Amino acid sequence: MALNLPPAPLSAENEAYFEKCREKLGFVPNVLLSYAHDDAKLTVFAAFYNDLMLAPSGLSKLEREMIAVAVSSVNRCYYCLTAHGAAVRQLSGDPVLGELMAMNYRAAELSARHRAMLDFAVKLTETPHLVEEADREALRKAGFGERDIWDIGAVAAFFNMSNRMASAVDMRPNAEYHGQAR
């Protein structure tokens, strides 16, 4: 990260969270380390991320990761394209899909459901002021419920914020992401 912010003392909960990351992933993601200068901000970021990406939803984990990558592609967020591209490769079992998602999701062979979901997330990223009822109706026609539409919007919005923070501080992905699920 480009800012020299020394780590703050972490709460027992956040220390345990970092240890869980080391056990599960073999490393602590740099995005979490970048927030470690402020225990309260780390807590809020991690809680919001975990709720959006891991909590029960009508969207699968893969679908949420696909949204993260499509949004991050528009924003050209190196950190998120690398980290979440690896997640798409892993969850889909398809390394080509992860690469296509990072470069241009429109080039991927996607279901009508996924195309509608990503079209909405990208429109919300590029031209949020143009999102209208017809866009939500397209999601309903693709099989998404009201809560699903909320979740698509929330994941897209979160990654727009996260992409901007990653760019603001030159956050770099952990090297481990580059070789995952290839």
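The structure displayed is predicted, hence computed values, not measured ones.

Student: Would you mind showing me how to read helix α4 (residues 61–75) here?
Tutor: Residues spaced three or four apart along an α-helix point in a common direction, a consequence of the helix completing one turn every 3.6 residues. With 15 residues, α4 should cover 21 Å at 1.5 Å per step; its first-to-last C-alpha distance of 21 Å lies within 8% of that length. Of all 15 residues in α4, 11 are buried, a share of seventy percent or more. On its buried side, α4 packs onto α3 (39–54), α5 (78–92), α6 (95–104), α7 (112–126) and α9 (146–168). Directly after α4, the chain includes R76, whose backbone phi takes a positive value near 55°.

Student: Can you walk me through a nonpolar patch on the surface in this structure?
Tutor: A contiguous nonpolar surface patch, about 250 Å² in accessible area, is contributed by M1, L3 and L5. Summarising the element assignment, M1 is placed in the segment before α1 (12–25). When its relative accessible area of 40% is taken as the criterion, M1 is described as partly exposed.

Student: What should I look at first to understand the environment of R64 in this one?
Tutor: Structurally, the position occupied by R64 is in helix α4. Looking at R64, the relative accessible area reads 4%, which means it is buried. Those residues in contact with R64 that sit more than four places away from it in its chain are D51, L52, M53, L54, A55, S57, L59 and V155.

Student: Just to check I follow, could you spell out unusual backbone geometry for this structure?
Tutor: A negative phi holds for most residues other than glycine; trans holds for most peptide bonds. Positive phi values are uncommon outside glycine, yet D170 reaches one of about 55°. Examined against the element boundaries, D170 turns out to sit in the loop between α9 and α10 (176–179). The residue A181 is not glycine, and still its phi comes out positive at about 55°. Locating A181 in the fold gives a position in the segment after α10.

Student: I would appreciate a short explanation of α6 in the present structure.
Tutor: For α6, the full list of buried residues reads L97, G98, M101 and A102. Each buried residue of α6 sits inside an arc of 135° when the element is viewed along its axis, so together they form one side. Seen from the open side of α6, the exposed residues pointing more than 90 degrees away from its buried face are V96 and M103. Turning to α6, the residues buried within the fold contact α4, α5 and α7. The distance from a side-chain oxygen at the start of α6 to the backbone nitrogen of V96 is 3.0 Å, and the residue carrying that oxygen is D94.

Student: Before we go on, may I ask you to explain the packing of aromatic side chains in this structure?
Tutor: Each aromatic ring pair is summarised here by two numbers: the centre-to-centre distance and the angle between the ring planes. Counted under the stated rule, the structure contains nine aromatic pairs. An angle of 90° between the planes, with centres 5.2 Å apart, marks the rings of F27 and Y177 as edge-to-face. On the criterion of sequence distance, the pair formed by F27 in the loop between α1 and α2 (30–35) and Y177 in helix α10 is long-range, its members being 150 residues apart. Aromatic side chains F45 and F158 sit 5.4 Å apart centroid to centroid with 35° between the ring planes, which places their arrangement in the tilted category. Here F158 lies in helix α9 and F45 lies in helix α3, a separation of 113 residues in the sequence. A single burial state applies to F45 and to F158, both of which are buried. Here the aromatic cluster, defined as three or more aromatic residues joined through ring pairs, consists of Y35, F45, F48, Y49, F158 and F159.

Student: How should I be thinking about the layout of surface pockets in this particular structure?
Tutor: Here the largest pocket is characterised by a volume of approximately 900 Å³. Put simply, the parts of the chain that give the lining of the largest pocket at least two residues each are α1, α2, α3, α4, α5 and α9. Take the lining of the largest pocket: its biggest share by element is eight residues, from α5. Tallied by class, residues from the lining of the largest pocket come to 21 nonpolar, five polar and four charged. The wall of the second largest pocket is formed by Y78, L81, T82, G85, R89, G98, E99, A102, M103, H178 and R182. Secondary-structure elements contributing two or more residues to the lining of the second largest pocket are α5 and α6. Sorting elements by how many residues they give to the lining of the second largest pocket places α5 first, with five residues.

The rules we used
Residues numbered from 1 in each chain as written. Predicted model: local features only at pLDDT ≥ 70, side-chain atom pairs only at ≥ 80, totals over all residues. Heavy atoms only, no water. Helix = DSSP H or I, 4+ residues; strand = E, 2+ residues; numbered from the N terminus. Expected span 1.5 Å × (residues − 1). Buried < 20%, exposed > 50% of the residue type's maximum accessible area, 1.4 Å probe, protein only. Contact = heavy atoms within 4.5 Å. Patch = residues over 30% accessible without salt bridge, like charges linked within 9 Å, V, L, I, M, F, W, Y side chains within 5 Å. Areas by Shrake-Rupley, 256 points an atom, 1.4 Å probe, with all protein chains shown as cover. Salt bridge = Lys/Arg side-chain N within 4 Å of Asp/Glu carboxyl O. Arc of directions from axis to C-beta. Polar contact = N/O pair within 3.5 Å; in protein donor to acceptor, adjacent residues only side chain to side chain. Phe/Tyr/Trp six-rings, centres within 6.5 Å; stacked < 30°, edge-to-face > 60°. 1 Å grid on protein atoms, 1.4 Å probe; cavity = no way out; pocket = protein on both sides within 12 Å on 5 of 7 lines; lining within 4 Å. Points joined across faces, edges and corners; volume = space filled by probe spheres on them. Nonpolar A, V, L, I, M, F, W, Y, C, P; charged D, E, K, R; others polar.

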